[in-house]
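So you can see what is in the structure, the chains are spelled out below.
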Amino acid sequence: MTHTLNDRTEMLRELLERQFGEHTDQLTELTLHARQRDHGGHDPDTLRRLIEVAQRGIADTAQALRRMSEGSYGVCDGCGQDIPTARLEILPSARHCVPCQQRS
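Residues numbered from 1 in each chain as written. Predicted model: local features only at pLDDT ≥ 70, side-chain atom pairs only at ≥ 80, totals over all residues. Heavy atoms only, no water.

Asks: Give a detailed account of the overall build of the protein chain, specifying residues and quantitative values.
Replies: Summing up its helical and strand segments, the protein chain has four helices and zero strands in all. Its helices and strands taken in sequence order, the protein chain reads α-α-α-α from the N to the C terminus. Over its C-alpha trace the protein chain gives a radius of gyration of 17 Å, far above what one expects of a compact globule, namely 13 Å for 104 residues. If one aligns the C-alpha atoms of the protein chain with their principal axes, the spans along those axes are about 55 × 30 × 20 Å. Counting over 104 residues, the protein chain shows a buried share of 27%. Restricting to contacts in the protein chain with at least 6 residues of sequence separation, those with at least 24 account for 51%. When the accessible area of the protein chain is evaluated, it comes to approximately 7000 Å², of which 51% is carbon and sulfur surface. (Helix = DSSP H or I, 4+ residues; strand = E, 2+ residues; numbered from the N terminus. Rg over C-alpha atoms; globule rule 2.2 N^0.38 Å. Buried < 20%, exposed > 50% of the residue type's maximum accessible area, 1.4 Å probe, protein only. Contact = heavy atoms within 4.5 Å. Areas by Shrake-Rupley, 256 points an atom, 1.4 Å probe, with all protein chains shown as cover.)

Spelled out as structure tokens, the structure:
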């Protein structure tokens, strides 16, 4: 059983690291667009929002990786119960179980 749990944790860690890299690459590209006269073909407001989304993705994945290293990953910030693995597989940076997320 522990081996399976460790495998899932490692899979989630790899997924988070991959997402962190993707968000970082996206932020780099968007930052370059922001410096161009035509904003890389983006409306300035849209570009600003895309940058904010990329920054939030970086922050969320970094926090999840930190929680993983601290041993608190997968525990709901709201109720303290374990977040179901199925939810973490869909949203690896989740900080809340579904009922707590719906309440907030």
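Asks: Go over the side chain of Ser 93 with me, naming the residues and quoting the values.
Replies: In this structure, Ser 93 sits in the loop between helix 3 (85–90) and helix 4 (98–103). In contact with Ser 93, not counting residues within four places along its chain, are Leu 16, Asp 60, Thr 61, Ala 64 and Arg 67.

Asks: So what's going on with helix 2 (residues 44–70)? Which residues, and what values?
Replies: For an α-helix, the turn length of 3.6 residues means that residues three or four places apart are oriented alike. The first and last C-alpha atoms of helix 2 sit 39 Å apart over 27 residues, in line with the 39 Å expected at 1.5 Å per residue. Among the residues making up helix 2, those that are buried are Leu 47, Ile 51, Ala 54, Gly 57, Ile 58, Thr 61, Ala 64, Leu 65, Arg 67 and Met 68. Sitting at the amino-terminal end of helix 2 is Asp 43, which places a side-chain oxygen 3.2 Å from the backbone nitrogen of Asp 45. The first or second residue beyond helix 2 is Gly 71, which carries a positive phi of 90°. (Expected span 1.5 Å × (residues − 1). Polar contact = N/O pair within 3.5 Å; in protein donor to acceptor, adjacent residues only side chain to side chain.)

Asks: Which residues make up unusual backbone geometry, and what values do they have?
Replies: Even without a glycine there, the phi angle at His 39 is positive, about 55°. Structurally, the position occupied by His 39 is in the loop between helix 1 (2–35) and helix 2.

Asks: Outline the environment of Thr 61, supporting the account with residue identities and numerical values.
Replies: As for its position among the elements, Thr 61 is in helix 2. Separated by 40 residues in sequence, Thr 61 and Gly 21 have C-alpha atoms that sit 9.6 Å apart. Those residues in contact with Thr 61 that sit more than four places away from it in its chain are Leu 16, Gln 19, Phe 20, His 23 and Ser 93.

Asks: Summarise the side chain of Thr 61; cite the residues concerned and give the values.
Replies: Residue classification places Thr 61 among the buried positions, given a relative accessible area of 2%. At a separation of 2.9 Å, a polar atom in the side chain of Thr 61 contacts the main-chain carbonyl oxygen of Gly 57.

Asks: If you had to explain the nonpolar core to someone new, which residues and values would you point to?
Replies: The tendency in soluble globular proteins is for nonpolar side chains to be buried side by side. Counting residues in each nonpolar core, the largest one holds 12 residues, listed as Leu 12, Leu 16, Ala 64, Leu 65, Met 68, Tyr 73, Cys 76, Ile 83, Leu 88, Ala 94, Cys 97 and Cys 100. Only helix 1 and helix 2 provide two or more residues apiece to this core. No other element matches the three residues that helix 2 contributes to this core. Discounting residues that sit within four places of it in the chain, Ile 83 has contacts with Gly 74, Val 75, Cys 76, Leu 88, Ala 94, Arg 95, His 96 and Cys 97. In terms of nonpolar packing, the next biggest core, distinct from the first, is built from six residues, Leu 27, Leu 30, Ile 51 and Ala 54 among them. (Core = buried A, V, L, I, M, F, W, Y, C linked by side-chain atoms within 4.5 Å.)

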